[in-house]
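# Descriptive analysis of the structure
Read off the chains here:
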Amino acid sequence: MTEKANIICRCEEIEIDEIREWISRGYDTFDELKRELRVGMGPCQGRGCRDIILRELSKATGKPIAELLPGVIRPPVKPIKARLLAENDQEAE
Amino acid sequence: MTIKTADVIIVGGGVHGASTAYQLAKAGINVVLFEKEYLGSGGSGRSAAGLRQHFGTETNLLMAKYNLQVFPTLEQELDTGMDLEFTQWGYMWVAYTEECLDQLKKNVALQKSLDIPSVIMDTDEINARWPYLCLDGIIGAAFCGEDGHINPQTLTLSYGHAARRYGAVVKTYCPVTKLLAENGRIKGVVTENGEEWHAPKILLSAGPWSTPLAATVGVELPVYPERHNLLITEPVEPFDCPMVLCLDDGAYFKQCPNGTFMFGRDDQDEPHTTETANSAKFLEGVTKSVLKRIPVLSGVRVVRQWSGPYDNTPDHNAIIDWTPVEGLLVNCGWSGHGLQFGPSGGRVCKELLMGEDPFVDLHRFRLSRFEENDLFFEPAFI
């Protein structure tokens with residue numbers, strides 16, 4: 001395993017330096033960073049990293065956090081076992 | 001107002017637009033691409049991103065074969081630092097009826113004649129290789145081990161990033177509101193923030209959004225959106241599960257290289273809209289259908305679901321053609337199998353825009369086939 005110092009996305013093990021590097025390459029929205037680095041795509045869907053990333057984006061772009069698009073938190077919001085969803089299906093056999 | 005100019009304008013930053021921009025910029029053409037949000041924000045980034053050489057027409061097969069020649073070295077070629085996650089864990093079409101298996105056999109015979117290494121497998125062979133699959137009702141399958149998966153988001157972003165490196169201007173969060181034409185010739189575009197750009201040639205590759213944009217210069221495209229849904233699970237240890245497509249109810253699943261599983265299923269009742277939305281009906285229906293085929297996943301957790309639009313045509317094949325407006329090229333209408341055609345679609349559009357002969361005969365993709373009632377029938381479509 002590689003040593004990582006400042007992990008801000010624990011689901012995907014992404015460091016703050018990686019976020020800063022991609023912002024400096026011109027990807028200054030949460031949606032783009034999500035798609036390059038998977039931040040926000042893991043089981044916690046950004047609960048850990050979203051605020052930190054938005055703060056970095058705000059610093060880099062000079063826009064207040066309230067004006068930045070935060071990306072989408074998708075259903076089912078918290079991970080659910082596939083079996084429990086399947087048991088719920090009402091569709092006729 | 002200052003009017004800016006380019007050699008070629010591309011409208012739409014999905015994989016086809018980004019790939020074309022990359023290829024044109026590499027050839028030294030002054031190209032500008034407009035994308036309404038971020039690259040891949042439409043159908044491309046929302047795709048299941050299966051890569052396959054299972055088609056039943058020579059035109060699609062020649063292009064699919066080219067795609068699979070490009071993908072293995074594309075990450076190196078684009079050299080952006082983004083991981084394309086290309087894997088070749090195979091793609092299987094599973095038949096539940098004799099009629100369906102007969103068609104798969106015909107497709108595989110054509111594929112073999114073009115040196116594509118597809119095979120027909122019986123249930124014993126399937127069971128021996130993937131013993132965790134439940135084969136109830138299955139009578140056979142078509143399989144190609146060269147086929148696989150790519151990350152649709154990093155693929156599209158990487159094409160755009162590499163295009164910029166070669167000098168292309170890629171304008172994201174910059175929607176085009178209308179095209180401009182004069183005396184039957186294309187002239188330029190107007191953007192939502194009021195910019196006007198002129199170019200002698202324009203490529204419209206905006207998926208289902210192509211239809212309203214083409215209409216602004218009087219071109220009618222028979223392309224409409226249709227919503228499709230996908231989900232992703234938490235990661236589990238990779239066990240090389242191929243893409244499995246079940247031809248009874250259209251359910252499909254595959255393991256991605258990071259260990260997550262993707263489930264999808266087509267639903268005739270989904271609305272014809274580019275609006276993305278999610279439903280519990282999809283989550284419950286697709287998990288029930290997929291767990292029947294791969295019960296070992298029943299304890300795996302579902303993490304996210306999302307939706308995105310197909311850009312359907314009446315015959316579920318793309319339109320790649322010059323329009324009646326001189327200088328306006330369209331590449332859209334891929335109807336759900338377009339992501340994997342990014343390399344070949346970009347190549348033929350670059351060839352058309354530079355006045356070269358396309359490497360594949362594009363006659364089947366022509367726009368006039370709909371009014372001539374000479375549809376492009378493809379037996380292997382989902």
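Look above for the structure.
Structural notes, computed from the coordinates. (Residues numbered from 1 in each chain as written. Chains lettered and ligands numbered in written order. Predicted model: local features only at pLDDT ≥ 70, side-chain atom pairs only at ≥ 80, totals over all residues. Heavy atoms only, no water.)

### Details of the overall build of chain A
Short version of the rule: Secondary structure elements follow DSSP: runs of H or I no shorter than four residues count as helices, runs of E no shorter than two count as strands, and numbering proceeds from the N terminus. Only the C-alpha atoms count toward the radius of gyration. The rule for a globule is 2.2 Å times the residue count to the power 0.38. Buried, partly exposed and exposed residues are distinguished by accessible area as a fraction of the type maximum, computed with a 1.4 Å probe on protein chains only: under 20%, between the cut-offs, and over 50%, respectively. Should any heavy atoms of two residues lie within 4.5 Å, those residues are counted as being in contact. Areas reported here follow the Shrake-Rupley algorithm with a probe of radius 1.4 Å; residue values treat only the protein chains shown as occluding.
Within chain A, the regular secondary structure consists of four helices and three strands. Sequence-ordered secondary structure for chain A, helices as α and strands as β, is β-β-α-α-α-β-α. The C-alpha radius of gyration computed for chain A amounts to 16 Å, which surpasses the reference 12 Å derived for 93 residues by more than 25%, pointing to a less compact arrangement than a globule. Put simply, chain A has 93 residues, and 42% of those count as buried. The contacts of chain A with a sequence gap of at least 6 include a subset with a gap of at least 24, amounting to 46%. Total accessible area on chain A stands at roughly 5500 Å², and carbon and sulfur atoms take up 50% of it.

### Let's talk about the interface of chain B and chain A
Put simply, the rule reads: As a working definition, buried area equals the accessible area (1.4 Å probe) given up by two parts on being put together, with both sides summed. Counted as salt bridges are all cases of a side-chain nitrogen of Lys or Arg within 4 Å of a carboxyl oxygen of Asp or Glu.
Listed per partner, the contact involves 33 residues of chain B and 28 residues of chain A. Buried surface at the junction of chain B and chain A, summed over both partners, amounts to about 3000 Å²; 54% is from carbon and sulfur atoms. Across the chain B-chain A interface, the total number found is one salt bridge. Note that E85(B) and R38(A) form a salt bridge whose closest N and O atoms lie 2.7 Å from each other.

### Description of the layout of surface pockets
We count it as follows: Think of a 1 Å grid over the protein atoms and nothing else: a 1.4 Å probe that fits but is trapped marks a cavity, an open set flanked by protein within 12 Å on at least five of seven lines marks a pocket, and residues with an atom within 4 Å of a point count as lining. Grid points are joined across faces, edges and corners, and a volume is the space filled by probe spheres set on the points.
One number sums up the size of the largest pocket: a volume of about 820 Å³. Forming the boundary of the largest pocket are 50 residues, of which G42(B), G43(B), S44(B), P309(B) and D311(B) lie nearest the centre.

### What about the sheet that holds strand β13 (residues 201-204) of chain B?
Residue and element names in this part refer to chain B. Here is the rule: We treat two strands as partners when DSSP finds at least two bridges between them. Between the N-to-C directions of two axes lies an angle of 0 to 180 degrees, each axis being a line fitted to C-alpha atoms and, for a helix, fitted only over the stretch in contact.
One open sheet holds the six strands; their spatial order is β9-β3-β2-β13-β20-β19, and the pairing between them is mixed. Whereas interior strands pair on both sides, the edge strands pair on one side only; in this sheet they are β9 (169-171) and β19 (319-322). Between one strand axis and the next, the sheet turns by 15° as a mean value, whatever way the strands run. Sheet topology places strand β3 (residues 31-34) next to β9; three bridges connect them, and they run parallel. Across the sheet, the residue bridging to V32 is V169, located in β9. On top of the sheet, helix α1 (residues 15-26) reaches β2 (8-11), β3, β13 and β20 (328-332); it is set at about 165° to β3, its chief contact.

### Let's talk about the pattern of salt bridges
Residues and elements named next belong to chain B. A full pass over the atoms with the stated rule returns 23 salt bridges over all chains. The salt bridge partner of E77 is K26, with a shortest N-O separation of 3.6 Å. With a gap of 51 residues between them, E77 in helix α2 (residues 58-78) and K26 in helix α1 connect regions that are remote in the sequence. The salt bridge involving D374 is made with R364; its shortest N-O contact spans 3.9 Å. With D374 in the segment after α8 (342-353) and R364 in the segment after α8, this pair connects stretches of sequence that are ten residues apart. Judged by its relative accessible area of 24%, R364 is partly exposed. Ionic contacts of the salt-bridge type, sharing partners, join the residues D248, D249, R265 and R293 into one network.

### A short note on empty space enclosed by the protein
Going by this rule: Just so you know the grouping, Ala, Val, Leu, Ile, Met, Phe, Trp, Tyr, Cys and Pro go in nonpolar, Asp, Glu, Lys and Arg go in charged, and all remaining residues, Gly too, go in polar.
Summed over the entire model, instances satisfying the criterion amount to three cavities of 30 Å³ or more. As a volume, the largest cavity reaches approximately 280 Å³. What lines the largest cavity is a set of 22 residues, among which M41(A), G45(B), Q153(B), R304(B) and W306(B) lie closest to the centre. Along the lines of polarity and charge, the residues of the lining of the largest cavity split into seven nonpolar, eight polar and seven charged.

### Topic: the pairing of strand β10 (residues 176-182) of chain B
Residues and elements named next belong to chain B. Bridge analysis of β10 against strand β11 (residues 185-191) gives six bridges, and the strand direction is antiparallel. Its bridge partner being in β11, L180 is matched across the sheet by G188. Between the antiparallel neighbours β10 and β11 lie two residues, among them N183 with a positive phi of about 50°.

### Describing the sheet that holds strand β17 (residues 261-265) of chain B
Two orientations exist for strands paired in a sheet by backbone hydrogen bonds: parallel and antiparallel. What the nine strands build is an open sheet, ordered β3(A)-β18(B)-β14(B)-β17(B)-β16(B)-β15(B)-β5(B)-β7(B)-β6(B); its pairing is mixed. Two strands in the sheet have a free side with no partner beyond their single neighbour: β3 (80-81) of chain A together with β6 (118-121) of chain B. Lying over the sheet, helix α3 (residues 98-113) of chain B contacts β5 (91-95), β6 and β7 (140-144) of chain B, oriented at roughly 155° with respect to β6(B). Across the sheet, helix α7 (residues 280-293) of chain B lies against β14 (224-233), β15 (243-246), β16 (251-255), β17 and β18 (301-312) of chain B, angled at about 110° from β17(B), the strand it touches most.

### Observations regarding the environment of T59(B)
All names here are of chain B. Within the secondary structure, T59 is located in helix α2. Residue classification places T59 among the buried positions, given a relative accessible area of 13%. Considering only alpha carbons, one finds T59 and H198, 139 residues apart in sequence, at a separation of 34 Å. Those residues within four positions of T59 in sequence are excluded, and the remaining contacts are V360, D361, R364, F365 and F376.

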